[in-house]
Amino acid sequence: LLTAGVPLPAPELPAAELPADDADIDSELLEIFLGEADEVLEAIAEHVRLSAASPRDQDHLTTMRRGFHTLKGSSRMVGLNEFGEAGWAMEQVLNLWLGEERAGDGDLYGLIERAHGQMHEWVERLRSGKGPRIDPTAIVEAAAALRRGEPLPEAVSAEPIPVVDVAAVPAIEAMDEPIGTLRDAIE
């Protein structure tokens, strides 16, 4: 189902649409966030596969919801507010599915796959310190549509990932020792 690591073509948005959000990111907290995001995205990928094999098992949906919740909170603590909005949108969809005890379906899995791929690509771009930042608008809008009971638009899984160029994101230097979790660093 998930094809993490396979970059999708991403057209750049005009520089005038560049939000200032990434310019204020603390590089040490960003490093911690990136490590956490890798683990969380890996867990989401594993549980979407498990859920697709057993769509009525709410435990897998719960794990994915927790993953998007973690991505939302951690990204917002670092200052990646747009990333957090994408996480929040996905968390809300999964809250609805869990609250209504719905089985996973093609639209839900399609949206999760798209959000996972976009977030994975964003993490890789942040890690490299170069390249464009991803605009989460398509994911946020698709999540809202799915919550309203509208089917997932085909374009969400086929369209290229929209991005904006972010030269202001500092390159992350390699660290000699692991730092721990983002919460550990802040507490």
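Preceding this paragraph is the structure being described.
Sequence positions are assigned chain by chain, starting from 1 and proceeding in written order. Only residues with pLDDT of 70 or above have their local features reported here, since the model is predicted, and side-chain atom pairs are shown and tallied only from 80 upward, although totals for entire chains, interfaces and linings are computed over all residues. Only heavy atoms go into the side-chain values, all of them from the structure, while hydrogens and water stay out.

Participant: Sorry, what's going on with the overall build of the chain here?
Facilitator: For the chain, the helix and strand inventory stands at seven helices and three strands. In this description a helix means any DSSP run of H or I spanning at least four residues, a strand means any run of E spanning at least two, and both kinds are numbered starting from the N terminus. Reading the helices (α) and strands (β) of the chain from amino to carboxyl end gives β-α-α-α-α-β-α-α-β-α. Only protein chains enter the accessibility calculation, which uses a 1.4 Å probe. A residue is then buried if its area is under 20% of the maximum for its type, exposed if over 50%, and partly exposed in between. Here the chain holds 187 residues, and 44% of them are scored as buried. Summed over its atoms, the accessible surface of the chain is roughly 9200 Å², and 51% of this surface lies on carbon and sulfur atoms. Note on areas: Shrake-Rupley, 1.4 Å probe, and residue coverage restricted to the protein chains presented here.

Participant: Would you take a moment to explain the packing of helix α2 (residues 58-78) against helix α3 (residues 81-99) for this structure?
Facilitator: Helix packing for two helices is described by the angle between their axes and how far apart those axes are. Viewed as axis vectors pointing N to C, α2 and α3 meet at an angle of 155 degrees, and their least axial separation amounts to 8 Å. Overall, the two elements α2 and α3 adopt an arrangement that is roughly antiparallel. The element α2 and its partner α3 pack so that their crossing is left-handed. Side by side, α2 and α3 meet where Q58, L61, T62, M64, R65, F68, H69, L71, K72, S75 and R76 of the first sit next to N81, F83, G84, E85, G87, W88, M90, E91, L94, N95, W97 and L98 of the second. Residue polarity is assigned by list, with Asp, Glu, Lys and Arg as charged and Ala, Val, Leu, Ile, Met, Phe, Trp, Tyr, Cys and Pro as nonpolar; anything else, Gly included, falls into the polar class. For the contact of α2 with α3, the class distribution of residues is 10 nonpolar, eight polar and five charged. Lines are fitted to the C-alpha atoms to define the axes, a helix being fitted only along its stretch in contact, and any angle between axes, read from their N-to-C directions, falls within 0 to 180 degrees. Oblique is the label for any angle not under 35 degrees, not over 145, and not in the 65 to 115 range, which are roughly parallel, roughly antiparallel and roughly perpendicular in turn. Working rule for handedness: look at the near helix, and if it is turned counterclockwise from the far one by less than a right angle, call the crossing left-handed; if clockwise, right-handed. Whether two residues are in contact is decided by their heavy atoms: any pair within 4.5 Å suffices.

Participant: Even after reading the chapter, I still don't get the side chain of S51, so can you show me in this structure?
Facilitator: Inspection of the secondary structure assignment puts S51 in helix α1 (residues 27-53). Classification of S51 as buried rests on a relative accessible area of 0%. Excluding residues within four positions of it along the chain, S51 makes contact with H60, L61, M64 and Y109.

Participant: Explain the pattern of salt bridges here, please?
Facilitator: Here the idea is simple: oppositely charged side chains can pair when their charged atoms come close. Here, a salt bridge means any side-chain nitrogen of Lys or Arg that lies within 4 Å of a carboxyl oxygen of Asp or Glu. With the rule as written, the count across this model stands at eight salt bridges. For the salt bridge of R127 with D38, the shortest nitrogen-to-oxygen distance reads 2.5 Å. With R127 in helix α4 (residues 106-128) and D38 in helix α1, the pair connects residues that are 89 residues apart, well separated along the chain. Overall, the relative accessible area of 29% leaves R127 in the partly exposed class. Accessibility expressed as a relative area gives 29% for D38, which makes it partly exposed. One salt bridge in this structure joins R76 and E85, with 2.7 Å as the shortest N-O distance. On the basis of relative accessible area, R76 is assigned to the partly exposed category, the value being 33%. Under the relative-accessibility criterion, E85 is labelled partly exposed at 36%.

Participant: What am I meant to see in the environment of E85 here?
Facilitator: Tracing the backbone through its elements, the reader meets E85 in helix α3. Distance in space between the C-alpha atoms of E85 and K72 is 6.7 Å, their sequence separation being 13 residues. Not counting residues up to four positions away in its chain, the partners in contact with E85 are R76 and V140. The term polar contact refers here to a pair of N or O atoms within 3.5 Å; inside protein, the definition further demands a hydrogen-donor-capable atom paired with an acceptor-capable atom, and it admits residues adjacent in sequence only when both atoms are side-chain atoms. Here R76 takes part through its side chain, which lies 2.7 Å from a polar atom of the side chain of E85.

Participant: How do you make sense of the packing of aromatic side chains when you look at a structure like this?
Facilitator: We describe a pair of aromatic rings using the distance from one ring centre to the other and the angle between the two ring planes. Stacked, edge-to-face and tilted labels apply to pairs of Phe, Tyr and Trp rings (six-membered ring for Trp) whose centres lie within 6.5 Å, assigned for plane angles under 30 degrees, over 60, and everything in between, in that order. The full count for this structure, using the stated rule, is two aromatic pairs. Arranged with centres 5.1 Å apart and planes meeting at 55 degrees, the rings of F83 and W122 form a pair that is tilted. Of the two residues, F83 sits in helix α3 while W122 sits in helix α4, which places them 39 residues apart along the sequence. Each member of the pair, F83 as well as W122, is classed as buried. Among the aromatic residues, ring-to-ring pairing joins F33, F83 and W122 into one connected group. Placement of a positive charge over a ring is assigned whenever Lys NZ or Arg CZ falls within 6 Å of the ring centre and within 35 degrees of the normal to the ring plane. Against the face of W97 rests R102, its NZ or CZ located 4.2 Å from the ring centre.

Participant: How should the packing of α2 against α4 be read in this particular structure?
Facilitator: Running from N to C, α2 and α4 cross one another at 35 degrees; their axes reach a closest spacing of 13 Å. Considering how the two elements wind past one another, α2 and α4 form a crossing that is left-handed. In contact with L61, M64, F68 and L71 of α2, α4 contributes L108, I112, A115 and M119. Class assignment of the residues belonging to the contact of α2 with α4 gives a composition of eight nonpolar, no polar and no charged.

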